[in-house]
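Residues per chain are reported as follows:
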Amino acid sequence: MRARATDNSVYSAYTQRGRRPSRSWHSAVALLVLLNFARSQAASSCPSGPKYSNARYDDDFSYLRDPACRNDFWDPLKYIPLNARGDWYLSLGGEIRERYERFHNPLWGQQPQSPGGFLLQRYLLFGDLHLGENVRIFSELMSDWENARVGGPRPMIDQDQLDFTQFFVDLKLHPFGSDTSLTLRVGRQWLIYGSQRLISNRYGPNVPLPFDGARVILNAAPWRVDAFATKPVETNPGVFDDQTHLPTWFWGIYAVRPLSFIDGTNIDLYYLGIHNKSATYAQETGTESRHTVGTRLWGLRGAWDSNTEFIGQTGTFGHGYILAWNAATDTGYTLEPVPLQPRLGLRAGITSGDHDKNGPNIQTFSPLFPTGFYFNQAILNGPLNEMGVHPNLTLHMGEAIALNGEWGWFWRQSSSDGIYGLGSNLLRPVGTTKDTYEGSQAQVTFDWQLDAHAHFQINYLHFFVGGYLKDTSPAGKDVDFVTTSIQYLF
């Protein structure tokens, strides 16, 4: 009888001839079983799919050293081995983002209308070279374009035809044992810390903000401590024409750790310094040396999430001194058993403004280098001389879709100071009115993470101008703003 084509057909063929398989055959079978078990265990330890971050230097594709983990279309680009051991490897990738914006009365009517809206395009391409565990070279090219905006691209944030947004070298050491690492990073790099209220790569707008300088990163559990000395990069619209902004130095130390005595809570502690030879506030332009100290308490505990920050600033501006402050919170409660898992949230903040526009001293808070979408994606007002309350509601449709609605109200903290943009540029002077109410905004945002690579978003905002904006020149008008964007990471 012919042997059945099963896994033990070899054994059957031997027994039909009156012979038993040798012990070496048993060993081979055992080895195959062990190999299959090891392969299944390795596959189960692989990530379910690629995990991309907007800061691509944080992506870790070393797990692709195991061929069993290579399941995504782009995986062949993520791990290109350069030596037999596999610890020298190259990762390649990038980003494509297409964003459409349309305003009615941009900046409360101070900027020209673009009746058909305008298109913003961003293309990023990076290479991440790992030379063993201790040496790394990361570079990222950007090409950012604006089309059809009346008045052309806005300075700094809309267009940069081609340039390096990052190009740095990492040298990692273990001076205090294998559980502790010390990394020296030198070159052009992004800085992103905390809630990005003070330090951000300005990722939301079309052109990110890099810094030139050096950073030391200490990971010593449970602490992570960064120290840096940098200059912001002046992004220009042409080809390879970005340059270090020479009048400004920016340095600091930023530490993060969990709080052992409060479950689920973490603390940030930081000092930041800036020296700017051409700072401008309501009263004048002059040399500014500003020192910022702050703390942030954040985390998740049960259904509650919280993110609260307290900041103080001192220093000198011109012939006077600086004394400014800020307090902000973003707190929410998620009703997990309820359909759509609604999160009830409250964002609120207050930042100091100047008390006397004719005096030498200044109390206007500076947000330094904040996130590009601080209060809204329309990039209207910035967190200087501001008070605001923003209740909001977020609904979740599975893991991939979220719908957020928010209504917020704004007041000037001081009637002796104007209102400013995100770049600390004065948008509206003090004027003669004592009315501090700027207005309110209603906005809704739809987010859809289509897969590991693609993200789609729609945002609509209406800003209702208040007494202060109506009474200062030119008289403010209500703003309508809509944007839609599609982003693809690979």
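As a starting point, this report considers the structure included with it. (Residues numbered from 1 in each chain as written. Predicted model: local features only at pLDDT ≥ 70, side-chain atom pairs only at ≥ 80, totals over all residues. Heavy atoms only, no water.)

## Some remarks on the pairing of strand β4 (residues 135-147)
- Sheet analysis places strand β3 (residues 118-131) next to β4, joined by 13 bridges and oriented antiparallel. Within β4, the residue paired with Phe126 across the bridge is Glu140.
- Hairpin connection, β3 to β4: the antiparallel pair is bridged by three residues, and Gly132 has positive phi, about 80°.
- Bridge count between β4 and strand β5 (residues 160-173): nine bridges; the pairing is antiparallel. Pairing of Phe138 across the sheet is with Phe168, part of β5. (Pairing = 2+ DSSP bridges. Helix = DSSP H or I, 4+ residues; strand = E, 2+ residues; numbered from the N terminus.)

## A word on the layout of surface pockets
- Of the pockets and cavities examined, the second largest pocket occupies roughly 1200 Å³.
- In terms of lining residues, the second largest pocket is bounded by 38 residues, among which Arg202, Leu422, Gly423, Ser424 and Asn425 are the most central.
- Residue assignment for the lining of the second largest pocket shows that the elements contributing at least two residues are β8 (223-234) and β11 (265-280).
- A per-element tally of the lining of the second largest pocket places β11 first, with five residues.
- When grouped by side-chain class, the residues that make up the lining of the second largest pocket number 21 nonpolar, 13 polar and four charged. (1 Å grid on protein atoms, 1.4 Å probe; cavity = no way out; pocket = protein on both sides within 12 Å on 5 of 7 lines; lining within 4 Å. Points joined across faces, edges and corners; volume = space filled by probe spheres on them. Nonpolar A, V, L, I, M, F, W, Y, C, P; charged D, E, K, R; others polar.)

## Some remarks on the state of the cysteines
- One pass over the structure, following the stated rule, counts one disulfide.
- Here Cys46 engages in a disulfide with Cys69; their sulfurs sit 1.8 Å apart. Since a negative S-S torsion denotes a left-handed disulfide, the Cys46-Cys69 link at about -70° is left-handed. Placement of the pair is Cys46 in the loop between α2 (23-45) and α3 (75-78) and Cys69 in the loop between α2 and α3, with a sequence separation of 23 residues. (Disulfide = S-S within 2.5 Å.)

## A look at the nonpolar core
- In terms of nonpolar packing, the biggest core is built from 22 residues, with Trp108, Leu380, Phe463 and Leu469 touching the most fellow members.
- For this core, the leading source of residues is strand β21 (residues 454-465), giving three residues.
- Among residues more than four places away in sequence, those in contact with Leu380 are Leu107, Trp108, Tyr420, Gly421, Leu427, Leu461 and Phe463.
- Counting 17 residues, the second largest nonpolar core, distinct from the first, contains Leu198, Ile311, Leu368 and Phe369. (Core = buried A, V, L, I, M, F, W, Y, C linked by side-chain atoms within 4.5 Å. Buried < 20%, exposed > 50% of the residue type's maximum accessible area, 1.4 Å probe, protein only. Contact = heavy atoms within 4.5 Å.)

## Some words on the environment of Tyr79
- Within the element layout of this structure, Tyr79 appears in the loop between α3 and β1 (80-81).
- For Tyr79, a relative accessible area of 5% translates into the label buried.
- Sequence spacing of Tyr79 and Ser91 is 12 residues, and the spatial spacing of their C-alpha atoms is 5.3 Å.
- Discounting residues that sit within four places of it in the chain, Tyr79 has contacts with Phe61, Leu64, Arg65, Arg70, Gly86, Tyr89, Leu90 and Ser91.
- A distance of 2.7 Å separates a polar side-chain atom of Tyr79 from the backbone oxygen of Gly86. (Polar contact = N/O pair within 3.5 Å; in protein donor to acceptor, adjacent residues only side chain to side chain.)

## Examining the packing of aromatic side chains
- Throughout the structure, instances matching the rule amount to 30 aromatic pairs.
- Here the aromatic rings of Tyr57 and Phe168 are separated by 6.1 Å at their centres, their planes lie at 80°, and the arrangement is edge-to-face. Within this pair, whereas Tyr57 is found in the loop between α2 and α3, its partner Phe168 is found in strand β5, the two being separated by 111 residues in sequence.
- Residue classification places Tyr57 among the buried positions, given a relative accessible area of 9%.
- Considering the side-chain rings of Tyr281 and Tyr420, the 6.5 Å spacing of their centres and the 65° angle between planes classify their relative orientation as edge-to-face. (Phe/Tyr/Trp six-rings, centres within 6.5 Å; stacked < 30°, edge-to-face > 60°.)

## Considerations on empty space enclosed by the protein
- Tallied over the full model, the rule gives two cavities of 30 Å³ or more.
- The space that makes up the largest cavity amounts to roughly 60 Å³.
- Every residue lining the largest cavity is listed: Phe103, Pro106, Gln111, Pro112, Gln113, Ser114, Phe118, Arg149 and Arg154.
- Class assignment for the residues of the lining of the largest cavity results in four nonpolar, three polar and two charged.
- As a volume, the second largest cavity reaches approximately 40 Å³.
- Looking at the second largest cavity, the residues that line it are Tyr193, Gly194, Ser195, Gln196, Arg197, Leu198, Ile199, Tyr254, Leu272 and Glu309.
- Broken down by class, the residue content of the lining of the second largest cavity amounts to five nonpolar, three polar and two charged.

It is worth stressing that arrangement in space is one thing and function is another; only the former is reported here.
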